[in-house]
Amino acid sequence: MPDIEKYSGVEMADIEKISGHDVPAGGGLSAETPLTGAGTMLAFNGGLGFNQDVDYTFNLRAWSNHSFTKLAASADYLTVWGIKSDGTLWYCATENTNVFNAITTSYLDGEWHKYGSATDWEDISSGEECFGAIKDGEYWFIGSGSQRQRGNGTTSSSYDWVLVNNAKTWVQVAMGEDHTVLRDSNGEVWTCGNNRDYATGQGTSSSYTSTLTREQNDLTGATWIAAGNYDSTCVISGQVYFTGQNSGPHAGFQSTSSSDRNGFTAVNSSITDVVSTHHHSRYSLFAITTNGSIRFAGYANSKGRPDNSTASQTSSTNQLSIISGAGTGWTALFGTASDPSGNRYGGIGFKSGTAYCGGDVFLKPVKALQGDGTNTTGNWASITNSATPSAASVGENIMVISWS
């Protein structure tokens, strides 16, 4: 179809609006402008290789009127859910799937839409083809349940958000590739889903844990949980507890063995300063300490480390050692926990009130978020914005950050 040069005899370049909608000069598309204040930016992989005018700037969407406190980007689909400070739930999507039919076709427009009217949504996480959330202390689920990650004994998909479990007061949810980890108000850890590589901490690496079940060691006092490809972690009294596949090795044990770990076990008694753990790719683990330093274990391919080093830490003496080149002041990290390929190194982080992102496998999103076409290697660098970063998430092909 040829370009439209005129509309009703008037040059397109001279028309500002048609039916109330803005028209870019000349009738062409315009790239989004990076935010300089509150709002949300989403960047994605993809492009038109045979049109050099479509550069990294077209891999960005920006909304100045939407800020979130929690975000969850789908691993497999171009779908993002977010929670605002008022407890409302929102979604943004561009494709329909058989597991997210709560999103009507008319709203697959790449804009944010409010879901329902509830104001008590608290936490949210994304798996391969599903999402889990905490709503007023209850565990809710949407998406594919084929790996029993739903946790109520069924393998059926849920096409809309459904209450799964309110037997406990749930405070945090973390979804991995094919399993789910939950933390309750007593600091207990519960899991369900595919037991592969002991990811669920149920004492088996085969079959499935179909219903939410307390992990095998009956731990208490957990203050944080996280889930990765086929591994899981929790934090108790500043120590990291790990279960699952350890092929880096990246679990943090004082050993070069890459054997899977059967059950949540403290990895290093000398490390007692961890606040949170973060699974990026299949072969790496990060932890943020009480002073905002970053501990790291595993492979460091593709600029996955926030200090831009590609040095792995897989020996018995340096797993979970602090990467001093990253400095201090880190409060959050976000990577691709659900990643069947295992090579989606890179992520987003908040440091001293500034958002950073990097990883050469996310080069187009990184360039779009940083707003600087000179970054050709996926280096971690700050994103220029005067507001305070409040939420972020990384999917298999997208990165999304919010400021307030």
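See the structure above.
Summarised in this report is the structure supplied together with it. (Residues numbered from 1 in each chain as written. Predicted model: local features only at pLDDT ≥ 70, side-chain atom pairs only at ≥ 80, totals over all residues. Heavy atoms only, no water.)

Description of the environment of Ala355
Here's step 1: With respect to the helices and strands, Ala355 occurs in strand β29 (residues 354–358).
Here's step 2: Take Ala355: its relative accessible area is 1%, and that puts it in the buried class.
Here's step 3: Counting along the chain gives 15 residues from Ala355 to Gln370, while the straight-line C-alpha distance between them is 9.6 Å.
Here's step 4: Residues within four places of Ala355 in sequence aside, it is in contact with Gly349, Phe350, Ala381, Ser382, Ile383, Pro389, Ile401 and Trp403. (Helix = DSSP H or I, 4+ residues; strand = E, 2+ residues; numbered from the N terminus. Buried < 20%, exposed > 50% of the residue type's maximum accessible area, 1.4 Å probe, protein only. Contact = heavy atoms within 4.5 Å.)

Thoughts on the sheet that holds strand β16 (residues 179–184)
Here's step 1: Sheet architecture is open: four strands sit in the order β15-β16-β17-β18, paired in antiparallel fashion. Since the sheet does not close on itself, it has two edges, and those belong to β15 (170–175) and β18 (208–214), each with one partner. For this sheet, the mean inter-axis angle between neighbouring strands, taken without regard to orientation, is 10°.
Here's step 2: Pairing analysis gives five bridges linking β16 to strand β17 (residues 189–194), with the strands arranged antiparallel. Considered in β17, the bridge of Leu182 is made with Trp190. (Pairing = 2+ DSSP bridges. Axes fitted to C-alpha atoms, helices over the stretch in contact; angles between N-to-C directions.)

Things to note about unusual backbone geometry
Here's step 1: Pro249 follows Gly248 through a cis peptide bond whose omega is -5°.
Here's step 2: Within the secondary structure layout, Pro249 lies in the loop between β21 (239–244) and β22 (261–266).
Here's step 3: Positioned with a positive phi, Arg148 is a non-glycine residue whose angle comes to about 65°.
Here's step 4: Structurally, Arg148 can be placed in the loop between β13 (138–143) and β14 (158–165).
Here's step 5: Of note in the backbone geometry, Ser237 takes a positive phi value of approximately 50° without being a glycine.
Here's step 6: Positionally, Ser237 belongs in the loop between β20 (231–236) and β21.

A few points about the nonpolar core
Here's step 1: Met41, Ile348, Leu369, Ile383, Met399, Ile401 and Trp403 are the most contacted members of the largest nonpolar core, which totals 21 residues.
Here's step 2: Mapped onto this core, the elements with two or more residues apiece are β5 (39–44), β6 (60–63), β28 (347–351), β29, α1 (363–370), β31 (389–394) and β32 (398–403).
Here's step 3: Judged by nonpolar contacts, the second largest core, of 19 residues, contains Tyr77, Leu89, Tyr115 and Phe131. (Core = buried A, V, L, I, M, F, W, Y, C linked by side-chain atoms within 4.5 Å.)

Let's talk about the packing of aromatic side chains
Here's step 1: Applying the stated rule across the entire model yields 15 aromatic pairs.
Here's step 2: Seen in terms of ring centroids, Trp81 and Trp161 are 5.4 Å apart; in terms of plane orientation they differ by 90°. Their pairing is edge-to-face. Here Trp81 is found in strand β8 (residues 79–83), whereas its partner Trp161 is found in strand β14, with 80 residues between them in sequence. As far as burial versus exposure is concerned, Trp81 and Trp161 are alike and both buried. (Phe/Tyr/Trp six-rings, centres within 6.5 Å; stacked < 30°, edge-to-face > 60°.)

Side note on the pairing of β17
Here's step 1: By the criterion of burial, β17 is predominantly enclosed, with six of the six residues buried.
Here's step 2: Where β16 folds back on β17, the antiparallel hairpin that results is connected by four residues, among which Gly187 adopts a positive phi of roughly 80°.
Here's step 3: The pairing of β17 with β18 spans four bridges and is classified as antiparallel. Counterpart to Trp190 in the pairing with β18 is Arg214.

Concerning the pattern of salt bridges
Here's step 1: According to the stated counting rule, one finds 11 salt bridges in the structure shown.
Here's step 2: For the salt bridge of Glu188 with Lys168, the shortest nitrogen-to-oxygen distance reads 3.2 Å. Placement of Glu188 in the loop between β16 and β17 and of Lys168 in the loop between β14 and β15 is noted, with a sequence separation of 20 residues between them.
Here's step 3: Given a relative accessible area of 26%, Lys168 falls into the partly exposed group.
Here's step 4: A salt bridge links Asp307 to Arg305, with the shortest nitrogen-to-oxygen separation between them at 2.6 Å.
Here's step 5: Each of Lys168, Asp184, Glu188, Arg214 and Asp218 takes part in one network of salt bridges that share partners. (Salt bridge = Lys/Arg side-chain N within 4 Å of Asp/Glu carboxyl O.)

Re α1
Here's step 1: Most of α1 sits inside the fold, with six of its eight residues counted as buried.
Here's step 2: By the burial criterion, the buried members of α1 are Pro365, Val366, Lys367, Ala368, Leu369 and Gln370.
Here's step 3: Packed against the buried residues of α1 are β5, β6, β29, β30 (381–382) and β32.
Here's step 4: Gly371 lies just past α1 and shows a positive phi near 65°.

Comments concerning the side chain of Gln147
Here's step 1: Following the sequence through the fold, Gln147 ends up in the loop between β13 and β14.
Here's step 2: A polar contact of 2.9 Å, which involves the side chain of Gln147, links it to the side chain of Asn194. (Polar contact = N/O pair within 3.5 Å; in protein donor to acceptor, adjacent residues only side chain to side chain.)

Quick word on the layout of surface pockets
Here's step 1: Of the voids in this model, the largest pocket is the one considered here, and its volume is about 800 Å³.
Here's step 2: If you trace the largest pocket, you find 45 residues lining it, with Ile124, Trp224, His278, Leu333 and Phe334 closest to the centre.
Here's step 3: Mapped onto the lining of the largest pocket, the elements with two or more residues apiece are β7 (70–73), β11 (121–126), β15, β19 (222–227), β23 (274–279), β24 (284–289), β27 (330–334) and β31.
Here's step 4: Its residues assigned to classes, the lining of the largest pocket comprises 23 nonpolar, 19 polar and three charged. (1 Å grid on protein atoms, 1.4 Å probe; cavity = no way out; pocket = protein on both sides within 12 Å on 5 of 7 lines; lining within 4 Å. Points joined across faces, edges and corners; volume = space filled by probe spheres on them. Nonpolar A, V, L, I, M, F, W, Y, C, P; charged D, E, K, R; others polar.)

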